[in-house]
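Residues per chain, in single letters:
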Amino acid sequence: DHSHLAATYSALMILLTLGDDLTRVDRDAILHTISELQLPSGCIQPTLNGSESTDMRFIYCACAICYCLDSWPIDKDSLCTFISRSASYEGAFGQTPGGEAHSGSTYCAIASLYLMDRLLWLPNTDRLKRWLLARQRSGFQGRPNKDVDTCYSFWIGASLSMLDSLDFVNKSANRGYLMTTQDNVIGGFGKDYDITPDPLHTMYGICSLSLMEEAGLEPLFPPLAISYRAYKYLCQLHTKYTHNV
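Residues numbered from 1 in each chain as written. Predicted model: local features only at pLDDT ≥ 70, side-chain atom pairs only at ≥ 80, totals over all residues. Heavy atoms only, no water.

Participant: Can you walk me through the packing of aromatic side chains in this structure?
Facilitator: Centre distance and the angle of the planes are the two values used to describe a pair of aromatic rings. For the structure shown, the criterion picks out eleven aromatic pairs. When the centroid spacing of 5.4 Å and the interplanar angle of 70° are considered together, the rings of Tyr9 and Tyr60 count as edge-to-face. Linking Tyr9 in helix H1 (residues 5-17) with Tyr60 in helix H3 (residues 56-69), this pair joins segments that are 51 residues apart in sequence. A residue is classified by how much of its surface remains accessible, and Tyr60, at 4% relative accessible area, is buried. Their ring planes at 55° and their centres at 5.2 Å tell us that Tyr107 and Phe154 sit as a pair that is tilted. With a gap of 47 residues between them, Tyr107 in helix H5 (residues 103-115) and Phe154 in helix H7 (residues 150-162) connect regions that are remote in the sequence. (Phe/Tyr/Trp six-rings, centres within 6.5 Å; stacked < 30°, edge-to-face > 60°. Helix = DSSP H or I, 4+ residues; strand = E, 2+ residues; numbered from the N terminus. Buried < 20%, exposed > 50% of the residue type's maximum accessible area, 1.4 Å probe, protein only.)

Participant: Help me out: how do you make sense of the side chain of Ser159 in this one?
Facilitator: Assignment of secondary structure puts Ser159 in helix H7. Reaching out from Ser159, the side chain makes a polar contact with the backbone oxygen of Trp155 at a distance of 2.7 Å. When neighbours within four sequence positions are excluded, Ser159 is seen to be in contact with Thr106, Tyr107, Ile110, Leu132 and Phe154. (Polar contact = N/O pair within 3.5 Å; in protein donor to acceptor, adjacent residues only side chain to side chain. Contact = heavy atoms within 4.5 Å.)

Participant: Any chance you could explain the packing of helix H2 (residues 27-37) against H3 here in plain terms?
Facilitator: How two helices pack is summed up by the angle between their axes together with the distance between the axes. Where H2 meets H3, the closest approach of the two axes is 11 Å, and the angle between their N-to-C directions is 145°. Between H2 and H3 lies a crossing whose hand is left-handed. Judged by residue contacts, Arg27, Ile30, Leu31 and Ile34 of H2 engage Ala62, Ile65, Cys66 and Leu69 from H3. Each residue belonging to the contact of H2 with H3 can be placed in one class, and the counts come to seven nonpolar, no polar and one charged. (Axes fitted to C-alpha atoms, helices over the stretch in contact; angles between N-to-C directions. Left-handed = near helix turned anticlockwise from the far one by under 90°. Nonpolar A, V, L, I, M, F, W, Y, C, P; charged D, E, K, R; others polar.)

Participant: Just to check I follow, could you spell out the packing of H3 against H5 for this structure?
Facilitator: Two elements in contact, H3 and H5, have axes whose closest approach is 9 Å; the angle formed by their N-to-C orientations is 30°. One element, H3, and the other, H5, form an angle in the roughly parallel class. Helix-helix and strand crossings are classified by hand; for H3 and H5 the assignment is left-handed. Side by side, H3 and H5 meet where Met56, Arg57, Ile59, Tyr60, Cys63, Ala64 and Tyr67 of the first sit next to Ser105, Tyr107, Cys108, Ala109, Ala111, Ser112 and Leu115 of the second. In terms of residue class, the contact of H3 with H5 is made up of eleven nonpolar, two polar and one charged. (Parallel < 35°, antiparallel > 145°, perpendicular 65-115°, else oblique.)

Participant: What's the story with H1 in this structure? I'm lost.
Facilitator: Helical periodicity: at 3.6 residues per turn, an α-helix aligns residues three or four positions apart in one direction. Helix length check: H1, at 13 residues, gives a terminal C-alpha distance of 18 Å against a target of 18 Å (1.5 Å per residue), a fit within 8%. For H1, the full list of buried residues reads Leu5, Thr8, Tyr9, Leu12, Met13 and Leu16. Take H1 and look down its axis: the buried residues cluster within an arc of 130°, on one side only. One or two steps after H1, the chain reaches Gly19, where phi turns positive at roughly 85°. (Expected span 1.5 Å × (residues − 1). Arc of directions from axis to C-beta.)

The following block contains the structure:
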């Protein structure tokens, strides 16, 4: 099988969390592949064998990988233009230009710009913040008129954190909702109340609780969804990259 951006992003974040020094990672090969994945539109496809899905998810994966490996073999301006064009009239972001605003794609857009140090490319920050904050019911919904869901507590919370607006969230209400999605018998978090837990919602439930400064949890670095401990370790690796150039 061809390599895939989502799998590469996940693998690198796991290695960092485990304290690996990434010396066994073929950094040059990964960066070369990413340089081949950017399309004329500025968007990035997930794999070299082509894909029907070329959207904000894979832009984020590419940006996270480039940030992790401390090299950017892509056209940032073209990429930022694509992200800006994907903003909806509501101020949040769809998967592609003209798409419906969604909290998952909005997180991917904000985090990508954050990692590129290009948050100034956000078209309307005030409108974006209002849209994000309006998603809270008890927990958070992914878009208007939808049910709340555990993972959106992270997507929205992390987005607001990167915009320095997390203090406007009702953290107590969000925590109360998340605790209803936890399985007290086998552990873990489900998508919603009385739904079987799964690894994805468990991870993002814990990440959201970390953002809300839950006791006993390590602080989170929102743009990469890893702990600050892992992020600080990554910064040390970046120093080594610089010294080896």
